Amino acid sequence: MIESVVTSKSTPKSKVQPDPSGKPSYSNSEPAVASASSQGWMTPQARNVTEQKVSEIRRVLEQHRGERHLVALQDFPDPDALSCAWTYKLIVQQYDIRCDIVYAGALSHQENIALVRLTNLPAQRWSPQVLREKDFSIYQGCVFVDNQGTTTQLQSITQQAGIPLVVVIDHHTAQGELNAEFIDLRPQVRATATILTQYLQSGLLKLDTNNSEHVKCATALMHGLRSDTNRLMQAQEEDFLAAAYLSRFCDAQLLNSVLQASRSKRVMDVIERSLRNRMLQNNFSIAGVGYLRYDDRDAIPQAADFLVTEENVHTAVVYGIVHDEDDDLEVVIGSLRTSKITLDPDEFIKEAFGQDAQGRFFGGGRSMAGGFEIPMGFLSGFNEASDYTRMKWEVFDAQIKQKLLRLVNPDDDILT
Ligand SMILES: [Mn+2]
């Protein structure tokens, strides 16, 4: 049996009794005294990192008091990104820093649209036209949350505008050199929402159950945390502890409404195409879904989520050509989902597709999931002739399959 030990914030870690497995017991043995302190809801390891990072970010925010910052989300923001950006905005308000939370792509998952609408989440979409006309000189700083700039068009724009990178908080693997004043990069953590929740637990912002914005934001964070951990199934101890903390503020009914959002017919159609076109090989399921509209882009990861549930499949890759009508641009977008512990999505995608002429990878990943984007360059753009359009798809389809199959069947000759 685990011995119950009275611990408090000031109790040194050595007082925590080891359990028979030899691991220190800190989560089950905390009595009411300690749980009254929000800091008790962290593993000692997380607490160490968080305390250090929180005092660091406090100094940085103090130096930027009164400024206006741009929080750049990935072009297709997910619940983890959206909720963390909102939390960040509430945190820095205490330093009189005004934040605009911006994404340059689209909200394309029905749950994300529901999340933003139901919680009144303060994120804005800037269309290509807004991007061209925007006066960026009003911003004194740029912030990346749940990304490192590699998945947003805003990175090059803010860089050209000379806006300094102030803060990066992310859980994806390092995507290259980052020149920021504050960096908290923890690839071992399942969700950026866990990191932001740990900041809250350390007192960077005191949540108040009587403040409806706080309640909505905590609910959004819970949704972000759940969605990046496959409904907590891939969550680790620190994610569970963060979720436990959030449960004090979370509105279960609101969360339920967000999760009730239904799939559009077009998303269902893409899933259907992925089922029909899938090719099974060595426990991989690979499916090209052809052309789809920009607003339906999120149907690709949803199809991958679905394909990976098939018996004897451990990894699913779904891709298609996404057509952006605003800019008449086309790009190949793909998603990978895996349940195989030994398959690193980041490594797999980098290995499969390599780098572009500038040395940038076409994609990457985090634990259990990854994505890629391949620009179509000279071949991009809509063509009236259906033969041409079909041929173009077939070429890209064959090329992507060939690259993937090299890794799926490492010993075989290359198939087409
Ligand atoms: Mn995330």
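All of these numbers come straight from a predicted model, not from anything done at the bench. (Residues numbered from 1 in each chain as written. Predicted model: local features only at pLDDT ≥ 70, side-chain atom pairs only at ≥ 80, totals over all residues.)

Draft legend 1. Representation of the packing of helix α13 (residues 345–353) against helix α14 (residues 386–408) within the structure. Two elements in contact, α13 and α14, have axes whose closest approach is 9 Å; the angle formed by their N-to-C orientations is 125°. In terms of their interaxial angle, α13 and α14 are classed as oblique. Here α13 and α14 pass one another in a crossing that is right-handed. Residues F348, E351, A352 and F353 of α13 touch α14, and the partners they reach there are K403, L404 and L407. Its residues placed into classes, the contact of α13 with α14 shows 5 nonpolar, no polar and 2 charged. (Axes fitted to C-alpha atoms, helices over the stretch in contact; angles between N-to-C directions. Helix = DSSP H or I, 4+ residues; strand = E, 2+ residues; numbered from the N terminus. Parallel < 35°, antiparallel > 145°, perpendicular 65-115°, else oblique. Left-handed = near helix turned anticlockwise from the far one by under 90°. Contact = placed C-beta atoms within 7 Å. Nonpolar A, V, L, I, M, F, W, Y, C, P; charged D, E, K, R; others polar.)

Draft legend 2. Geometry of helix α11 (residues 265–277). Spanning 13 residues, α11 covers 18 Å between terminal C-alpha atoms, matching the ideal 18 Å at 1.5 Å per step. Among the residues of α11, those classed as buried are V267, V270, I271 and S274. Projection of α11 onto a plane perpendicular to its axis shows the buried side chains occupying an angular sector of 100°, all on one side. Of the exposed residues in α11, those oriented more than 90 degrees away from the buried face are K265, E272 and R276. Buried positions along α11 lie against β8 (284–293), α12 (299–307) and β9 (315–324). (Expected span 1.5 Å × (residues − 1). Buried ≥ 20, exposed ≤ 12 C-beta atoms within 10 Å, placed from the backbone. Arc of directions from axis to C-beta.)

Draft legend 3. How the structure looks around the sheet that holds strand β5 (residues 165–170). With parallel pairing, the 6 strands of this open sheet are ordered in space as β3-β2-β1-β4-β5-β6. Where the open sheet ends on each side, the last strands, each with one partner, are β3 (123–125) and β6 (182–185). Direction aside, the axes of adjacent strands within the sheet are offset by 25° on average. Bridge analysis of strand β1 (residues 68–72) against strand β4 (residues 141–145) gives 4 bridges, and the strand direction is parallel. Paired with A72 across the two strands is F144, which belongs to β4. (Pairing = 2+ DSSP bridges.)

Draft legend 4. Summary view of the pairing of β8. Counting buried residues in β8 gives 7 out of 10 residues, a clear majority hidden from the surface. Sheet topology places strand β7 (residues 279–281) next to β8; 3 bridges connect them, and they run antiparallel. Opposite Q281, over in β8, you have F284 as the bridge partner. Between β7 and the antiparallel strand that follows it, β8, lie 2 residues; N282 among them carries a positive phi value of about 50°. Note: β8 against β9, 8 bridges, orientation parallel. Residue pairing across strands places R293 opposite H323, the latter belonging to β9.

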